[in-house]
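These are the residues of each chain, in order.
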Amino acid sequence: MKRLDKGERMDRRSFLKVGALASSALLVAPSAHAHAGAVPIIELEKIEPWKPVSFNYPSVNEPAILIDVGRAVKHGVGPKKSIIAFSALCQHMGCAVYFDEKDRLLKCPCHASWFDPLKGGKAVEGPSPMGLPVIALKVEGGKVYATGIVEGLVYGRASND
């Protein structure tokens, strides 16, 4: 493709070629912020019931939270199948949720959506249209790893890939 001089305009065909090449490069290039494979979170022995562990997943810029809820839950891992993790981005508008130890709920400080970790992160209060995405976990060699998204779409993403 020829280089344009100052003030010269690109014809439609050239513009579309450049646009197609740029779009292809974005789709093929791996994200500099993406995690590859299983992401270590914490050693199993360091986890305490109802004491949240913050980490980032599925990318290094997306907050997530792991909690041992003390009893077996759907998608739970560990000796009691009680350890579960969620994206910490509220499904309403993407604000980061925090864990309220008194109520044992994940709460959004922006618009008061509440999510219940015992119910798989289901929205139990506020404007959020759905629960928090559940992060798949595995325990291996005494450590807990994040391995993917089991349920839900992380806020702001077209897909979890």
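See the structure above.
The structure reproduced in this document is the subject of the present report.

Criteria and thresholds
- Residues numbered from 1 in each chain as written.
- Predicted model: local features only at pLDDT ≥ 70, side-chain atom pairs only at ≥ 80, totals over all residues.
- Heavy atoms only, no water.
- Salt bridge = Lys/Arg side-chain N within 4 Å of Asp/Glu carboxyl O.
- Buried < 20%, exposed > 50% of the residue type's maximum accessible area, 1.4 Å probe, protein only.
- Pairing = 2+ DSSP bridges.
- Helix = DSSP H or I, 4+ residues; strand = E, 2+ residues; numbered from the N terminus.
- Axes fitted to C-alpha atoms, helices over the stretch in contact; angles between N-to-C directions.

### So, the pattern of salt bridges
Taken as a whole and judged by the stated rule, the model has six salt bridges. Across the salt bridge formed by Asp 103 and Lys 102, the nearest N and O atoms sit 3.8 Å from each other. You can call Lys 102 exposed: its relative accessible area is 75%. Residues participating in the shared-partner salt-bridge network are Asp 100, Lys 102, Asp 103 and Lys 107.

### A few points about the sheet that holds strand β10 (residues 143-151)
Sheet strands line up and pair through hydrogen bonds in the backbone, either parallel or antiparallel. With respect to topology, six strands assemble into an open sheet ordered β1-β10-β9-β4-β3-β2, the strand pairing being antiparallel. With one partner strand each, in any of the chains shown, β1 (39-43) and β2 (53-56) form the two edges of the open sheet. Mean inter-strand twist for the sheet, computed between neighbouring axes without regard to direction, equals 35°. Sheet topology note: the strand β4 (residues 83-87)/strand β9 (residues 134-140) ladder contains two bridges and is antiparallel. When the bridges of β9 are listed, Phe 86 appears paired with Val 134.

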